[in-house]
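Structural overview for review
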Amino acid sequence: MGRVPTKQQKNNRSKDGGDGTQEKQKPSLKGAERSAYFARREAAKVLRVVLQGDANRRALASIKSLIYKPSVRNKKATFALICQTLKHLPIIKDVLEASSILNTKWKRQQELVYIIVYDILFGQAVAVAGDAEKYLMRHKNALQSTLKQLLLRRNVKNVEQLIALNQLPDVSLPRYVRVNTLKLDVDSALLELKEKYSVEKDDLLPDLLILPPGTDLHDHPLVNNGSIFMQGKASSMVAPALNPEPGWEVIDACAAPGNKTVHLAALMKRKGRIIACELNKQRIKRLKETIKLSGASMLQSLKLNPSSDIHVLNEDFLNIDPKAPSYSKVKAILLDPSCSGSGTAASRLDHLLPSKAAGQDTDMERLNKLAAFQRKALQHALSFPAVEKIVYSTCSINQIENEDVIKSVLPIAESHGFELVNPFAEWHCRGLPVFKGSENLVRTDPAADGEGFFIALFAKKKNVQKKKKHFFPRIHTDPFRTWLYYRLNGP
Ligand SMILES: C[S@@+](CC[C@H](N)C(=O)[O-])C[C@H]1O[C@@H](n2cnc3c(N)ncnc32)[C@H](O)[C@@H]1O
């Protein structure tokens, strides 16, 4: 399975066999056996992070993003091994439990055990190499006969039928890439990609290109040098929905990893200022990397005010004082808060995770907490004095995080002079019809569009903007106009 590691890679291998645990001795292996040995340990490391994140309901990263880290060398083999192991995990766990072969030592290395048991029961032949392989291969017969008994008990003929009992449909998405116009124009990107792939322009977003499903671009030079970003269509719709003008000051309220921040920078054509606010210190690093890769420049201080830059702020958005002079000119806010991620679960392969198997993700307490934060953050965004537009987005399909949030803040938004507007008139999929005006909301459908996103755009009513400029300053000196103003606008 996979490539033989290079000399450099061999030297770089950690002394612990890659799974965080000491193995007595490095086995002397050759060729494919050696590759499989290391792929299992790389896969076990990623699987540990994925399963721990899933168990805590706090995933630090998706399977794909962990695989694409430079530390994972044999990406293809490792990815396949993790997906297959996760797909078979309920069966593997049942077999291990029923066969009672794991003592405390092996339970501490359970991710590596899962991977090896996958290979023993369903995958490739396992060479007796490495302590874990040796141990599990000694129990090969017990594992195989326990699996047979399991199939009998569940009344299925084969493993495929057992898996099919709790599987979600496969999603086969086109590969979308957003051209980073800070570095490359769309036609040049199209030409370069066309040399190798079949590529089309998207009909809604001018900087988006569509490639066939499964196109593997993670090592493509245009991706590596930041000329294109592997970003889905729904995610690429959020910054254009806000459509900030070059020269504006904009806050990206929940910014990391920064895909939408740098999209804003591209749309603003290097003119204006973006404050990229992110609470999580660990994610600030990712945010800065994204900005660096995009070619946008980063500011160190909010006080400086050059023509175009991104200022990264490690801060709770809710703690930013809207009345502070530094924010007095903020004209637009992009609010893409933490959400359940239910709309991108399939593309992130979350359906393979234990907590999501058989549609168990109905943790209402968590959803209520998320919705409470989303409402608070949106209300906070509405209180910035000079703001003219706010875009709110989630990658969730849950009404509680979407329409319900908008409905609950709508009276406050209207009291600040905002209305809901429709950012993409021609878009086919709209918000759930749970209040008047929900036809302005944008949804993307996980089945038809591959991902379930939600976008709401608030804009200051035109007459409010105008009156503030021309009419309001005079109301103190003209009683009739003061009366008329309040008649028309309310208190
Ligand atoms: C959905 S992600 C944003 C994705 C980002 N807009 C992009 O397109 O790359 C939400 C982010 O908000 C951050 N966050 C959560 N609560 C926050 C808060 N109170 N203030 C600022 N950032 C917050 C999370 O750490 C997370 O990085």
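About the thresholds
Residues numbered from 1 in each chain as written. Predicted model: local features only at pLDDT ≥ 70, side-chain atom pairs only at ≥ 80, totals over all residues. Helix = DSSP H or I, 4+ residues; strand = E, 2+ residues; numbered from the N terminus. Buried ≥ 20, exposed ≤ 12 C-beta atoms within 10 Å, placed from the backbone. Contact = placed C-beta atoms within 7 Å. Near = placed C-beta within 6 Å. Nonpolar A, V, L, I, M, F, W, Y, C, P; charged D, E, K, R; others polar. Pairing = 2+ DSSP bridges. pLDDT = per-residue confidence, 0-100. Core = buried A, V, L, I, M, F, W, Y, C linked by C-beta atoms within 7 Å. UniProt positions renumbered as here; feature names shortened; annotations may be inferred. Axes fitted to C-alpha atoms, helices over the stretch in contact; angles between N-to-C directions. Parallel < 35°, antiparallel > 145°, perpendicular 65-115°, else oblique. Left-handed = near helix turned anticlockwise from the far one by under 90°.

1. Quick word on the overall build of the protein chain
Across its full length, the protein chain carries 20 helices and 13 strands. Scored against the burial criterion, the 491 residues of the protein chain give a buried share of 37%. Within the protein chain, contacts between residues separated by at least 24 positions form 74% of all contacts whose residues are at least 6 apart in sequence.

2. A word on the site of the ligand
As a structural note, the neighbourhood of the ligand is formed by 18 residues, with Cys254, Asn259, Leu279, Phe317 and Asp336 the closest of them. Listed by contribution, the elements that provide at least two residues to the shell around the ligand are α14 (259-267) and β6 (272-278). Here the shell around the ligand is built from residues that sort into 9 nonpolar, 4 polar and 5 charged.

3. Looking at the sheet that holds strand β4 (residues 228-229)
Here we have 4 strands laid out as an open sheet, ordered β2-β3-β1-β4, and antiparallel in their pairing. In this open sheet, the two edge strands, each paired with only one partner strand, are β2 (200-201) and β4. Inspection of the sheet shows strand β1 (residues 175-179) paired to β4 by 2 bridges, in the antiparallel sense. Note on β4: the bridge partner recorded for Arg178 is Phe229.

4. With respect to the confidence of the model for the protein chain
Averaged over all residues, the pLDDT of the protein chain equals 83, while 79% of them reach at least 70. A low-confidence stretch, residues 1-22 stays under pLDDT 50, and its non-local contacts, those more than four residues away or across chains, total 40 contacts. Within the model, the stretch residues 484-491 combines pLDDT values under 50 with 3 contacts to residues more than four positions away or in other chains. This prediction of the complex comes with two scores: 0.67 for pTM and 0.99 for ipTM.

5. Notes on the environment of Gly343
Summarising the element assignment, Gly343 is placed in the loop between β9 (330-335) and α16 (364-382). Each C-alpha atom of the pair Gly343 and Phe454 lies 8.8 Å from the other, and the pair is 111 residues apart in sequence.

6. Things to note about the environment of Leu102
Mapping Leu102 onto the fold places it in the loop between α4 (75-99) and α5 (104-108). Each C-alpha atom of the pair Leu102 and Tyr135 lies 9.7 Å from the other, and the pair is 33 residues apart in sequence. Setting aside residues up to four positions removed in sequence, Leu102 forms contacts with Leu96, Lys107 and Val113.

7. A look at the nonpolar core
Counting 63 residues, the largest nonpolar core has Ala253, Ile333, Leu334, Leu335, Val391 and Ile455 as its most contacted members. What Ile455 contacts, discounting residues up to four positions off in sequence, is Met237, Val238, Ala241, Val391, Ser393, Pro423 and Val442. Of all hydrophobic cores here, the second largest spans 34 residues; its members include Phe79, Ile82, Ile91 and Tyr118.

8. Notes on the UniProt feature "active site" (unreviewed entry) in the protein chain
Under the UniProt annotation, "active site" (unreviewed entry) lies at Cys395. You can see Cys395 is positioned in the loop between β10 (389-394) and α17 (403-415). Given 25 C-beta atoms within a 10 Å radius, Cys395 is considered buried.

9. A few points about the packing of α4 against helix α8 (residues 140-154)
Between α4 and α8, the least distance of the axes is 9 Å, while the angle of their chain directions is 110°. Viewed along their axes, α4 and α8 adopt a mutual orientation that is roughly perpendicular. Once α4 is placed against α8, the crossing between them reads as right-handed. Between α4 and α8, the residues in contact are Ile91, Asp94, Val95, Ala98 and Ser99 and Ala142, Leu143, Thr146, Leu147 and Leu150, respectively. In the contact of α4 with α8, the residues fall into 7 nonpolar, 2 polar and 1 charged.

10. Some words on unusual backbone geometry
Cis geometry is found at the peptide bond from Ala256 to Pro257, where omega equals 5°. Here Pro257 lies in the loop between β5 (249-252) and α14. The backbone phi angle of Asn243 is positive, close to 45°, even though this residue is not glycine. Within the secondary structure, Asn243 sits in the loop between α13 (238-242) and β5.

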